[in-house]
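Residue-level structure breakdown
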Amino acid sequence: MSTYSFLDVSAALSGPGGTINMAAGAAVSDEGITIEPVEDKNIMTIGADGNGMHSLAANESSTVTVRLLKTSPVNAQLQTMYNYQTTSAVLHGRNTITVRDAGRGDIITLEKVAFKKRASITYAKEGGMNEWTFDAIKTNQVLGVGTPTISG
């Protein structure tokens, strides 16, 4: 498919304290949502004689950044959940984030997710955005499985 719209993207954070929409309808900024692996999957080592080897890392962790407009009511929801979850290790790191793109059939599930930090706040001439960052221990990513949602 040669078209894309953020309106086809859904993203939700679920864990202690509830479930929060973080995609279309949440006043996401133009910069959107980024899911980035924490480290490379391959580690290349070159020996003194120029020969080398590849080591396959088992790490499937990711960092997720969600950027919301300053005026998004989701900022307050995330701050409330952050405040609640950081009161005890029993509540910390027990979230799941699910991101889907119905237009492409993409599905990304992030498990054992924790708030990395609270959003940095800037008060300036323009409202700008708040960035919420999460650490995920496990990432399961399937892109373009060929089963996009089609409504007639």
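Described below are features of the structure shown in this document. Predicted model, so just to flag it, every value in this text is computed and none were measured.

1. Comments concerning the environment of Ala12
- Assignment of secondary structure puts Ala12 in strand β1 (residues 9-15).
- On the basis of relative accessible area, Ala12 is assigned to the partly exposed category, the value being 24%.
- Here the alpha-carbon distance between Ala12 and Thr98, two residues 86 residues apart in the chain, equals 5.5 Å.
- Excluding residues that lie within four positions of it along the chain, Ala12 makes contacts with Thr19, Ile20, Met22, Thr96, Ile97 and Thr98.

2. Description of the pairing of strand β5 (residues 52-56)
- Summarising burial for β5: zero of the five residues are buried, a small minority.
- The loop that links strand β4 (residues 42-46) with its antiparallel partner β5 comprises five residues; one of these, Gly50, has a positive phi angle of about 95°.

3. Examining unusual backbone geometry
- Positive phi values are uncommon outside glycine, yet Ala27 reaches one of about 60°.
- With respect to the helices and strands, Ala27 occurs in the loop between β2 (18-21) and β3 (28-37).
- At Lys112, a residue that is not glycine, the phi angle is positive and equals roughly 55°.
- Position of Lys112 among the secondary structure elements: in strand β8 (residues 106-117).
- Accessibility expressed as a relative area gives 54% for Lys112, which makes it exposed.

4. Digging into the layout of surface pockets
- Empty space within the largest pocket amounts to approximately 220 Å³.
- Forming the walls of the largest pocket are Tyr4, Phe6, Val9, Gly32, Ile33, Ile35, Val99, Arg100, Asp101, Asp106, Ile108 and Leu143.
- The class makeup of the residues in the lining of the largest pocket is eight nonpolar, one polar and three charged.

5. Re the nonpolar core
- In this structure, Met22, Leu78, Ile97 and Phe134 are the most contacted members of the largest nonpolar core, which totals 25 residues.
- When residues of this core are traced back to their parent elements, those giving at least two are β1, β6 (62-69), α1 (74-85), β7 (95-101), β8 and β9 (129-142).

6. Topic: the side chain of Ser62
- Locating Ser62 in the fold gives a position in strand β6.
- Its relative accessible area of 5% is what places Ser62 among the buried residues.
- In terms of polar contacts, Ser62 uses its side chain to reach the side chain of Thr139, at 2.7 Å.
- With sequence-adjacent residues up to four places away left out, Ser62 is seen in contact with Ile35, Glu36, Pro37, Val38, Leu110, Phe134, Asp135, Ala136 and Thr139.

7. Overview of a nonpolar patch on the surface
- A contiguous nonpolar surface patch, about 190 Å² in accessible area, is contributed by Ile107, Val142 and Val145.
- In this fold, Val145 is placed in the segment after β9.
- Using a relative accessible area of 39% as the deciding quantity, one classes Val145 as partly exposed.

Calculation notes
- Residues numbered from 1 in each chain as written.
- Predicted model: local features only at pLDDT ≥ 70, side-chain atom pairs only at ≥ 80, totals over all residues.
- Heavy atoms only, no water.
- Helix = DSSP H or I, 4+ residues; strand = E, 2+ residues; numbered from the N terminus.
- Buried < 20%, exposed > 50% of the residue type's maximum accessible area, 1.4 Å probe, protein only.
- Contact = heavy atoms within 4.5 Å.
- Pairing = 2+ DSSP bridges.
- 1 Å grid on protein atoms, 1.4 Å probe; cavity = no way out; pocket = protein on both sides within 12 Å on 5 of 7 lines; lining within 4 Å.
- Points joined across faces, edges and corners; volume = space filled by probe spheres on them.
- Nonpolar A, V, L, I, M, F, W, Y, C, P; charged D, E, K, R; others polar.
- Core = buried A, V, L, I, M, F, W, Y, C linked by side-chain atoms within 4.5 Å.
- Polar contact = N/O pair within 3.5 Å; in protein donor to acceptor, adjacent residues only side chain to side chain.
- Patch = residues over 30% accessible without salt bridge, like charges linked within 9 Å, V, L, I, M, F, W, Y side chains within 5 Å.
- Areas by Shrake-Rupley, 256 points an atom, 1.4 Å probe, with all protein chains shown as cover.
- Salt bridge = Lys/Arg side-chain N within 4 Å of Asp/Glu carboxyl O.

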